[in-house]
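# Remarks on the overall topology
Listed here are the chains, written in short residue letters.
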Amino acid sequence: TNASPASEIVKEPGTETETKTVKSMWDLVRVGGAVMWALGTLALYGFYTAGAQIYVILFSNDRDKDKKFLEDVVAAGESAGEQVEAEIQKRDKAAFPRVCEAALGESHHGKAAMEEALVQEGAMQLGALKRGLRPLQIVIAVAPLLGLLGTVYGMIEAFQTTAASTAATGKAEQLANGIYEALVTTATGLTIAIPIMVVHYMLNAKIDSFVDDFTQLGEEFLDICHQKPTGTTAADKSEVSKTVSTE
């Protein structure tokens, strides 16, 4: 008799041939049914979202890039506004250039207004970064529960099958097989949730560190803006010199 690929034939001296069926991981996944497909979809969504947030938080919002941006603002001189706009176009997911843009919009109202704009826009940008982590929280919460749901359904089916069996022996083994197949969905749910939870805590801690970074960089930006006249063009200077000479 030919054994199936998932079967292993074991022969021992003095005993009858015993066939043990060892199920592959793919077999167990198929046993999970619709719940496993739902967990697979959830895993794809969760890991894609985690990758996108890693790019936004760790790479777009990089302190070294923000420091280089401030150096470019200093070098731009009176064209600081244009430099800020260029940086926003270059790093559209970065928060600090947008904070600086809000402060520049209040430059004609004085330093206090610029500082208030920095604080308000900084809070809004940090809030937006935090909201970007909400999909990860959903995956962390739903994946284990969905896996547990699949296990409960699987155990119900295992007990029903065992209870309906008319065999005099082997019920315990049949029940054990049903239970370990049912536990696959719980293991899968935890396997999805745990790494995404680690990524979530790491990114959340990084966002919290932006508070100190934005405070320090914002103060430097205000100092840069008030070390030179803002919004004064060459035409304005020429007009002022003409007025002084006329007088």
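Residues numbered from 1 in each chain as written. Predicted model: local features only at pLDDT ≥ 70, side-chain atom pairs only at ≥ 80, totals over all residues. Heavy atoms only, no water.

### Let's talk about helix α6 (residues 111-131)
Cut-off, in case you're wondering: Strands here mean DSSP runs of E at least two residues long; helices mean DSSP runs of H or I at least four residues long; both are numbered from the N terminus. One less than the number of residues in a helix, times 1.5 Å, gives the span that helix is expected to have. For every residue, the accessible area obtained with a 1.4 Å probe (protein chains only) is divided by the maximum for its type, and the residue is called buried under 20%, exposed over 50%, and partly exposed between those limits.
With 21 residues, α6 should cover 30 Å at 1.5 Å per step; its first-to-last C-alpha distance of 30 Å lies within 8% of that length. Residues A113, M114, A117, L118, E121, G122, Q125, L126 and L129 constitute the buried set of α6.

### Some words on the packing of helix α3 (residues 63-76) against helix α5 (residues 96-104)
Put simply, the rule is: Helix axes use the C-alpha atoms of the stretch in contact, all axes being lines fitted to C-alpha atoms, and the angles between their N-to-C directions lie in the range 0 to 180 degrees. Contacts: residue pairs with any heavy atoms within 4.5 Å of one another. Basically, the charged four are Asp, Glu, Lys and Arg, the nonpolar ten are Ala, Val, Leu, Ile, Met, Phe, Trp, Tyr, Cys and Pro, and anything else, Gly included, counts as polar.
At a minimum axis distance of 10 Å, the contact between α3 and α5 shows a crossing angle of 35 degrees. Every residue of α5 that contacts α3 at D66, F69 and L70 is listed here: F96, P97 and C100. Taken together, the residues of the contact of α3 with α5 break down into five nonpolar, no polar and one charged.

### A look at the packing of helix α2 (residues 34-60) against helix α8 (residues 171-227)
Counted only if it meets this: Should an angle fall under 35 degrees it is taken as roughly parallel, and over 145 as roughly antiparallel, whereas 65 to 115 is taken as roughly perpendicular and any remaining angle as oblique. Crossing handedness is read from the near helix: turned anticlockwise from the far helix by less than a right angle, it gives a left-handed crossing, and turned clockwise, a right-handed one.
At a closest axis distance of 10 Å, the pairing of α2 and α8 adopts a crossing angle of 15 degrees. Judged by the angle between their axes, α2 and α8 are roughly parallel. Crossing geometry of α2 relative to α8 is assigned as left-handed. Here the residues of the contact of α2 with α8 sort into 18 nonpolar, five polar and one charged.

### Overview of a nonpolar patch on the surface
The line we're drawing: Distance thresholds for patches are 9 Å for like charges and 5 Å for nonpolar side chains (Val, Leu, Ile, Met, Phe, Trp, Tyr), applied to residues having over 30% relative accessible area and no salt bridge. Accessible surface area values rest on a Shrake-Rupley calculation with a 1.4 Å probe, where residue burial reflects the displayed protein chains alone. When a carboxyl oxygen of Asp or Glu lies within 4 Å of a side-chain nitrogen of Lys or Arg, that pair is called a salt bridge.
A grouping of L148, L149, V152, Y153 and I156 is seen on the molecular surface, where their side chains present a nonpolar patch of about 450 Å² in accessible area. Relative to the helices and strands, V152 is located in helix α7 (residues 134-164).

### Some remarks on the side chain of R91
We count it as follows: Definition of a polar contact: a pair of N or O atoms within 3.5 Å, with one able to donate and the other able to accept a hydrogen when the atoms are protein atoms, and with sequence-neighbouring residues admitted only if both atoms are side-chain atoms.
Turning to its location among the elements, R91 is positioned in the loop between α4 (80-90) and α5. Only 2.6 Å separates the side chain of R91 from the backbone oxygen of S60, close enough to count as a polar contact. In terms of polar contacts, R91 uses its side chain to reach the side chain of D66, at 2.8 Å.

### Let's talk about the packing of aromatic side chains
Selection criterion: What counts as a ring pair is set by centres within 6.5 Å for rings of Phe, Tyr and Trp (its six-membered ring), and what kind of pair is set by the plane angle: stacked under 30 degrees, edge-to-face over 60, tilted for all other angles.
Here the structure, examined in full by the defined rule, presents three aromatic pairs. Relative to F96, the ring of F69 has its centre 6.0 Å away and its plane inclined at 85 degrees; by these criteria the two rings are edge-to-face. Here the residue F69 occupies a position in helix α3, and F96 occupies one in helix α5, the gap between them amounting to 27 residues. The class for F96 is buried, based on a relative accessible area of 0%. What links up through ring pairs into an aromatic cluster is the set F69, F96, F210 and F214.

### Side note on the side chain of N61
Relative to the elements of secondary structure, N61 occurs in the loop between α2 and α3. By relative accessible area, N61 is classed as buried at 3%. Reaching out from N61, the side chain makes a polar contact with the backbone oxygen of V56 at a distance of 2.8 Å. In this view, N61 contacts V56, K93, A94, A95, F96, L129 and F210; residues no more than four positions away in its chain are not counted.

### So, α3
Applicable threshold: The arc in question is the one spanned by the directions pointing from the helix axis to the C-beta atoms.
The end-to-end C-alpha separation of α3 is 20 Å, in line with the 20 Å expected for 14 residues at 1.5 Å each. Among all positions in α3, only D66, F69, L70 and V73 are buried. End-on, the buried residues of α3 take up no more than an arc of 100 degrees, which puts them together on one face. Seen from the open side of α3, the exposed residues pointing more than 90 degrees away from its buried face are D64, E71, V74 and A75. N-cap assignment for α3: the residue whose side-chain oxygen lies 3.2 Å from the backbone N of D64 is D62.

### Concerning the confidence of the model for the protein chain
Put simply, the rule reads: Residue-level confidence of the predictor, termed pLDDT, takes values from 0 up to 100.
For the protein chain, per-residue confidence averages 81 on the pLDDT scale, and 79% of positions sit at 70 or higher. Here residues 1-11 is modelled with pLDDT under 50, and outside its nearest four sequence neighbours on either side it reaches 18 contacts, counting other chains as well. Scored below 50 in pLDDT, residues 230-247 shows seven contacts in the model against residues more than four places distant or in partner chains.

### Some thoughts on the nonpolar core
Defined as follows: Side-chain atoms within 4.5 Å link the members of a nonpolar core, which is a set of buried Ala, Val, Leu, Ile, Met, Phe, Trp, Tyr and Cys residues.
By size, the foremost hydrophobic cluster in this structure holds 44 residues, and its most contacted members are I57, V73, V84, F96, I192 and F221. If you list the elements that add at least two residues to this core, you get α2, α3, α4, α5, α6, α7 and α8. Counting residues per element, this core draws most heavily on α8, which supplies 14 residues.

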